[in-house]
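Chain and residue survey
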Amino acid sequence: DYLKHENEPILEYMDLEELPDSDDPVYILGKQYDMKTEKCDLQSDIVSRLWFTYRKKFSPIGGTGPSSDAGWGCMLRCGQMMLAQALICQHLGRDWQWEKHKEHPEEYRQILQCFLDRKDCCYSIHQMAQMGVGEGKSIGEWFGPNTVAQVLKKLALFDEWNSLAVYVSMDNTVVIEDIKTMCKYQPHNHSMAHAASHQRTWSRCRDTLEQSSGWRPLLLIVPLRLGINHINPVYVDAFKACFKMPQSLGALGGKPNHAYYFIGFSGDEIIYLDPHTTQTFVETEEAGTVQDQTYHCQKGPNSMKVLKLDPSVALGFFCKDENEFNNWCEVIEKEILKHQSLRMFELIPKHPPHWPPFVPPTKPEVSTIGAELIESTDKLFDVEEEFEILSV
């Protein structure tokens, strides 16, 4: 089946029968849809998200480790999907849409390159699994939402192309002062001479503009425990409301040892992309392009009752500039936290005096541009102690 609009390309039909059949609106990462009148727009939005799944036949992790992440890498893949959505918002905008067989912007290709299953790609399964060793996770061991968040925070320090400020909240507390300190901090301990040889003209120009704005794009991850064995119903409305926010990157979670990337909801059903499909490693072509169709889920998304969700989750948000972050703070306080008898997390203006001083983490001398990352992952572990000192 195909859907076609006048003067628009043909879009392969996505079966949405898995979604609840109701009059409730569908919310996907800050956008609202009517299932009856906006089904095509909803389909196009979902298929445009980068979809990362288990892969097999890639080069062994660490040289002698596993060549597939089937059975253990689902939460890492979900973390990749959340971060990829942040990069799409940063470079292409929330309204950008993917179409099969269409030529896409250079930024899209660069984003995808960051996540390919190669040891030299910035956020590859290789880099995430090996960085997880510093978080106490053996290669091949399942990660939880907070562990993935910590791994992404550390790997982002090596990613000069995107220059993300990644903040992972502690003790269910988001500190506004610390986030603004981190986003306004411009690290200067990298070799721009080395970087310049790899940078694209368009990214140099864009980076200059972003640096002059005084704010690095923010990836905000809030790990939460919303109950003991099951989600406490008191949190449900606030949890769902986060998917309505324009800054929403969804949530990491699922069931024990079975992770999903949650992108929206309708009624009491939470909508997710499922990484539990094993696909073959994709080779990069000589021109540097990638056959990208397997990185977009062209079947209907799944859904589950929100109360069946494991209480350990991590919310994600992206704020491209300071105004977006200020708006996020305002909406969180007035619309989500204020009306809850038991708050999901705390949003406070100042750094707690009894906490260790907040120091923005800085990356070591190893350099990366976009998808070109660490030449030797041994260097990652040389700086583990430094990261622990500098991170809060």
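This text gives an overview of the structure that appears in the document. (Residues numbered from 1 in each chain as written. Predicted model: local features only at pLDDT ≥ 70, side-chain atom pairs only at ≥ 80, totals over all residues. Heavy atoms only, no water.)

1. Some words on the pairing of strand 10 (residues 258-266)
The buried fraction of strand 10 amounts to eight of the nine residues, a majority that puts the element mostly inside the structure. Judged from the two bridges that link them, strand 3 (residues 26-28) and strand 10 form a sheet pairing that is antiparallel. Each bridged residue has a counterpart across the sheet, and for Y27 the counterpart in strand 10 is F265. Inspection of the sheet shows strand 9 (residues 248-255) paired to strand 10 by five bridges, in the antiparallel sense. Each residue of the ladder has a partner; that of G254, found in strand 10, is A259. In this sheet, strand 11 (residues 269-273) lies alongside strand 10 in antiparallel orientation, the contact comprising five bridges. Counted as the bridge partner of Y261 is L273 from strand 11. (Buried < 20%, exposed > 50% of the residue type's maximum accessible area, 1.4 Å probe, protein only. Helix = DSSP H or I, 4+ residues; strand = E, 2+ residues; numbered from the N terminus. Pairing = 2+ DSSP bridges.)

2. Notes on the pattern of salt bridges
A full pass over the atoms with the stated rule returns 18 salt bridges. Across the pair E177 and K350 runs a salt bridge, and its minimum N-O distance is 3.9 Å. Taken together, the residues span a long stretch of sequence, with E177 in helix 6 (residues 176-184) and K350 in the loop between strand 15 (346-348) and helix 11 (378-382) at a distance of 173 residues. Among the residues examined, K350 registers a relative accessible area of 55% and is labelled exposed. Between E322 and K184 there is a salt bridge; the shortest N-O distance is 3.2 Å. A residue pair is termed long-range when its members are at least 10 positions apart, and E322 in helix 10 (residues 322-337) and K184 in helix 6 qualify at 138 residues. Owing to a relative accessible area of 24%, E322 belongs among the partly exposed residues under this scheme. (Salt bridge = Lys/Arg side-chain N within 4 Å of Asp/Glu carboxyl O.)

3. Let's talk about empty space enclosed by the protein
Under the criterion given, the structure shown has four cavities of 30 Å³ or more. Lining the largest cavity are K153, A156, L157, L164, A165, V166, M182, R216 and P361. At the level of elements, helix 5 (145-156) and strand 6 (165-168) are the ones that each hand at least two residues to the lining of the largest cavity. The residue makeup of the lining of the largest cavity, split by class, is seven nonpolar, no polar and two charged. (1 Å grid on protein atoms, 1.4 Å probe; cavity = no way out; pocket = protein on both sides within 12 Å on 5 of 7 lines; lining within 4 Å. Points joined across faces, edges and corners; volume = space filled by probe spheres on them. Nonpolar A, V, L, I, M, F, W, Y, C, P; charged D, E, K, R; others polar.)

4. Quick notes on the packing of helix 4 (residues 125-133) against helix 5
Packing of helix 4 against helix 5 leaves a shortest axis separation of 9 Å and a crossing angle of 105 degrees. By the angle between their axes, helix 4 is roughly perpendicular relative to helix 5. Contacts from Q127, M128, M131 and G132 of helix 4 reach helix 5 at V148, V151, L152, K154 and L155. Residue classes in the contact of helix 4 with helix 5 are distributed as six nonpolar, two polar and one charged. (Axes fitted to C-alpha atoms, helices over the stretch in contact; angles between N-to-C directions. Parallel < 35°, antiparallel > 145°, perpendicular 65-115°, else oblique. Contact = heavy atoms within 4.5 Å.)

Scope: geometric values only; no functional claims are made or implied.
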